[in-house]
Amino acid sequence: MEFSLEYAQQEDNNDPLKDFRKEFFIPPHGKTTEVLYFTGNSLGLQPKKARDIVLEEMDDWAKLGVEGHTQARRPWMPYHENFTTSLVKLTGAKESEVVAMGTLTANLHFLMVSFYRPTEKRRKIVCEAKAFPSDQYALQSQIAFHGGDPKADLIELAPRPGEHTLRTEDILETIKAHKDEIALVMMGGVNYYTGQWFDMETITKFTKQHKITIGWDLAHAMGNVPLKLHDWGVDFAAWCSYKYLNGGPGCVSGVFVHEKYHKDKKLPRFAGWWGHDKGSRFEMPETFNPIASAEAWQHSNPPILGMASLLASLELFDRAGMDALRKKGVQLNQYLRFVVNEISQRTGVPINIITPDSENDHGCQLSLVFPNNGKALFDHISEAGVIADWREPDVIRMAPVPLYNRFEDIYQFGRKLETAIEKTMERNV
Ligand SMILES: *Cc1c(COP(=O)(O)O)cnc(C)c1O
């Protein structure tokens, strides 16, 4: 690797996915340039086709009114089924195991209604320390809802002193040590803060060996890293689609429920008519009869306008393929590491990369810690047109994504980083 414009442009020329960038709107920076966008892990950019699809639904609504449920070009009644094939590829699920529905935090709650069922003895939940706040609130409130004590019943996995990320062996050790008290293990597949991709397969299989239920929050994993939820034996999972999946702000979430639960009509759940058997739904029967698939967890008829944009993006995922996306995602991440280290050496300012090195332990995201004055530096690069993400107390998160980021974006970022360090930090701190 080289820190030069020629090198970066050559990598872009050789990139088999290079044409996908043209499918997206890249936000402008000033009148003549574009931003360097590194927050595809927070809100993915807009696919150019998204607007057309949303407008098609608006037109169908205008022309058809209620008949659109069955007569629209994409009939609204089974609209969620338009996503199934793509979601299957992204999650490694069977068709019956995935459904686009609801919103992420709400879905986690609904899934826990079915899958967090504490008993006197087994009542604890294992999660990562510093989990995304919404997940922490969800877990704490679930425990409290069942009459438990969140302080005592939440086991938080923390890194060893002086370390930033979790070791798989420590995770397994904790699960083993508490195996008779744990009702649920629920973690983020990729940690939002450090960018660590957990060894989901090992953790899942180990947890299942101990007959404990396991669910994954895939907010930072979907569309970022390859998943095999069915084969790994994951019980349930949920994700949002506005991050790597580019569905648009607040776009619909999705859930995975392993097929072994599909025929269990006794499983507790908060039911709604959209989870009811499709054949008799409109006979409005009195008793809920769940569809024998993940669709049984649906409540309401799908929000068409809030889903339409996702079709545009998933079509791009289908075309690019997760293998090629993952390959480029790793390359971008490695080039960003290289550039950051290069600038660190040139300026004499130590920059600590807290995202694990090994390719198996990260996705696109890189999390950086600067020694001092990190916020001033962040403000400086932001003004220079770099869109990254600041997390208190001292982390800058960046995620070059394979569908629209270029190697040149990373090179240009390196140039701006060097200038920003010179303006905001003393050398050799
Ligand atoms: C982004 C994110 C969320 C957001 O939840 P919403 O319900 O979609 O607002 C939740 N959990 C994690 C881990 C996230 O990364």
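Residues numbered from 1 in each chain as written. Predicted model: local features only at pLDDT ≥ 70, side-chain atom pairs only at ≥ 80, totals over all residues. Heavy atoms only, no water.

Trainee: Can you help me understand the sheet that holds strand β7 (residues 182-188) in this one?
Mentor: Strand pairs in the sheet, formed through backbone hydrogen bonds, run parallel or antiparallel to each other. The strand order across the open sheet formed by seven strands is β4-β10-β9-β8-β7-β5-β6, and the pairing between neighbours is mixed. With one partner strand each, in any of the chains shown, β4 (98-100) and β6 (154-157) form the two edges of the open sheet. Looking at each pair of strands side by side, their axes are set apart by 15 degrees on average, direction ignored. Pairing between strand β5 (residues 124-128) and β7: three bridges, direction parallel. Within β7, the residue paired with V126 across the bridge is V185. (Pairing = 2+ DSSP bridges. Helix = DSSP H or I, 4+ residues; strand = E, 2+ residues; numbered from the N terminus. Axes fitted to C-alpha atoms, helices over the stretch in contact; angles between N-to-C directions.)

Trainee: Could you clarify how one ought to interpret the nonpolar core in this entry?
Mentor: In summary, soluble globular proteins display a tendency toward joint burial of nonpolar side chains. Grouped together as the largest cluster of nonpolar side chains are 70 residues, with contacts concentrated most on W216 and L218. A total of 10 residues in this core trace back to one element, the largest contributor, which is helix α11 (residues 304-320). When residues are assigned to domains, this core turns out to be shared by domain 1 (5-34 + 322-428) and domain 2 (52-319), each giving three or more. In this view, W216 contacts M187, G188, G189, F198, M200, I203, T204, V234, F236, A237 and A238; residues no more than four positions away in its chain are not counted. (Core = buried A, V, L, I, M, F, W, Y, C linked by side-chain atoms within 4.5 Å. Buried < 20%, exposed > 50% of the residue type's maximum accessible area, 1.4 Å probe, protein only. Domains from an automatic or database assignment. Contact = heavy atoms within 4.5 Å.)

Trainee: Teacher, can you tell me more about the pairing of strand β15 (residues 395-398) here?
Mentor: Within a regular strand, the side chains alternate between the two sheet faces. Of the two faces of β15, the one carrying V395 and R397 and the one carrying I396 and M398 are both buried. Of the strand pairs in this sheet, strand β14 (residues 389-391) and β15 are connected by three bridges, and their pairing is antiparallel. For R391, the partnering residue across the bridge sits in β15 and is V395. Linking β14 back to β15 in an antiparallel pair, the connection comprises three residues.

Trainee: When you look at the site of the ligand in this model, what are you seeing that I'm missing?
Mentor: The environment of the ligand is made up of L104, T105, F132, D135, D217, A219, H220, Y242 and K243. D217 places a side-chain nitrogen or oxygen 3.2 Å from a nitrogen atom of the ligand. A distance of 2.5 Å is found between an oxygen atom of the ligand and a side-chain nitrogen or oxygen belonging to K243. Considered on its own, the ligand offers 390 Å² of accessible surface; in the complex 81% of this is hidden by protein. Among the residues making up the shell around the ligand, the classes are represented as four nonpolar, two polar and three charged. (Near = heavy atom within 4 Å. Polar contact = N/O pair within 3.5 Å; in protein donor to acceptor, adjacent residues only side chain to side chain. Areas by Shrake-Rupley, 256 points an atom, 1.4 Å probe, with all protein chains shown as cover. Nonpolar A, V, L, I, M, F, W, Y, C, P; charged D, E, K, R; others polar.)

Trainee: Teacher, can you tell me more about the packing of aromatic side chains here?
Mentor: The geometry of an aromatic ring pair comes down to the distance between the two centres and the angle between the two planes. Within the structure shown, the criterion is met by 17 aromatic pairs. With a centroid separation of 5.2 Å and an interplanar angle of 10 degrees, the aromatic rings of F115 and F236 are classed as stacked. Taken together, the residues F115 in helix α5 (residues 104-115) and F236 in strand β9 (residues 236-239) connect sequence positions 121 residues apart. Cluster of aromatic residues (ring-pair linked, three or more members): Y7, Y335, F338 and F407. Over the ring of F132 we find K243; its NZ or CZ atom is 5.1 Å from the centre of that ring. In this structure, R269 is placed above the aromatic ring of W297, and the distance from its NZ or CZ to the ring centre is 4.3 Å. (Phe/Tyr/Trp six-rings, centres within 6.5 Å; stacked < 30°, edge-to-face > 60°. Lys NZ or Arg CZ within 6 Å of the ring centre and 35° of its normal.)

Trainee: Got a minute to help me understand the pattern of salt bridges in this structure?
Mentor: Two side chains carrying opposite charge are able to pair once their charged atoms lie near each other. If you walk through the whole model with that rule in mind, you get 31 salt bridges. Between R346 and E342 there is a salt bridge whose closest N-O contact spans 3.4 Å. On the criterion of helical spacing, the pair formed by R346 and E342 is a turn pair, its members being four residues apart in helix α12 (residues 322-347). For R397, the salt bridge goes to D389, with nearest N and O atoms at 2.6 Å. Members of the salt-bridge network, linked through shared partners, are E56, E57, D60, R73 and R74. (Salt bridge = Lys/Arg side-chain N within 4 Å of Asp/Glu carboxyl O.)

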